Amino acid sequence: MAWEDTNRSHIDVLIENEEWIAARNCLRAYISENGEDYWAKNTWEPVEAHLQN
């Protein structure tokens, strides 16, 4: 799947597999397409936290 895939289940799989950069890129595309909804905001924070370490 493309890095800009905005499917929630795909993003969840990326997070489960600890593919943090890909998850962040997909989340950016998701937010660009759908806006920052509750799910995106709560998903974004842990992804960014893992990338800061």
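Further up the page is the structure itself.
Predicted, not measured: the structure shown is a model, and the values here were computed from it. (Residues numbered from 1 in each chain as written. Predicted model: local features only at pLDDT ≥ 70, side-chain atom pairs only at ≥ 80, totals over all residues. Heavy atoms only, no water.)

(A) Local environment of the nonpolar core. Within the largest apolar cluster, ten residues are counted, these being Ile 11, Leu 14, Trp 20, Ala 23, Cys 26, Leu 27, Tyr 30, Trp 39, Ala 40 and Val 47. At the level of elements, α1 (8-16), α2 (20-34) and α3 (38-52) are the ones that each hand at least two residues to this core. With five residues, α2 is the single largest residue contributor to this core. If we skip the residues at most four places from it in the chain, Leu 27 touches Ile 11, Trp 39, Ala 40, Thr 43, Trp 44 and Val 47. (Core = buried A, V, L, I, M, F, W, Y, C linked by side-chain atoms within 4.5 Å. Buried < 20%, exposed > 50% of the residue type's maximum accessible area, 1.4 Å probe, protein only. Helix = DSSP H or I, 4+ residues; strand = E, 2+ residues; numbered from the N terminus. Contact = heavy atoms within 4.5 Å.)

(B) Molecular detail of the environment of Ile 15. Mapping Ile 15 onto the fold places it in helix α1. In this structure Ile 15 comes out as partly exposed when scored by relative accessible area, which is 22%. Residues Ile 15 and Ala 29, 14 residues apart in the sequence, show an inter-C-alpha distance of 15 Å.

(C) Summary view of the environment of His 10. When you line up the elements, His 10 lands in helix α1. Looking at His 10, the relative accessible area reads 16%, which means it is buried. It is 17 Å that separates the C-alpha atoms of His 10 and Glu 48, two residues lying 38 residues apart in sequence.

(D) Quick peek at the packing of aromatic side chains. Scanning all chains against the criterion turns up one aromatic pair. Here the aromatic rings of Tyr 30 and Trp 39 are separated by 5.0 Å at their centres, their planes lie at 65 degrees, and the arrangement is edge-to-face. The same class applies to Tyr 30 as to Trp 39, namely buried. (Phe/Tyr/Trp six-rings, centres within 6.5 Å; stacked < 30°, edge-to-face > 60°.)

(E) Focus on the pattern of salt bridges. All told, the structure shown has two salt bridges when counted by the stated rule. Between Asp 37 and Arg 8 there is a salt bridge, with its nearest N and O atoms 3.0 Å apart. Residue Asp 37 is found in the loop between α2 and α3, and its partner Arg 8 is found in helix α1; the two are separated by 29 residues along the sequence. (Salt bridge = Lys/Arg side-chain N within 4 Å of Asp/Glu carboxyl O.)

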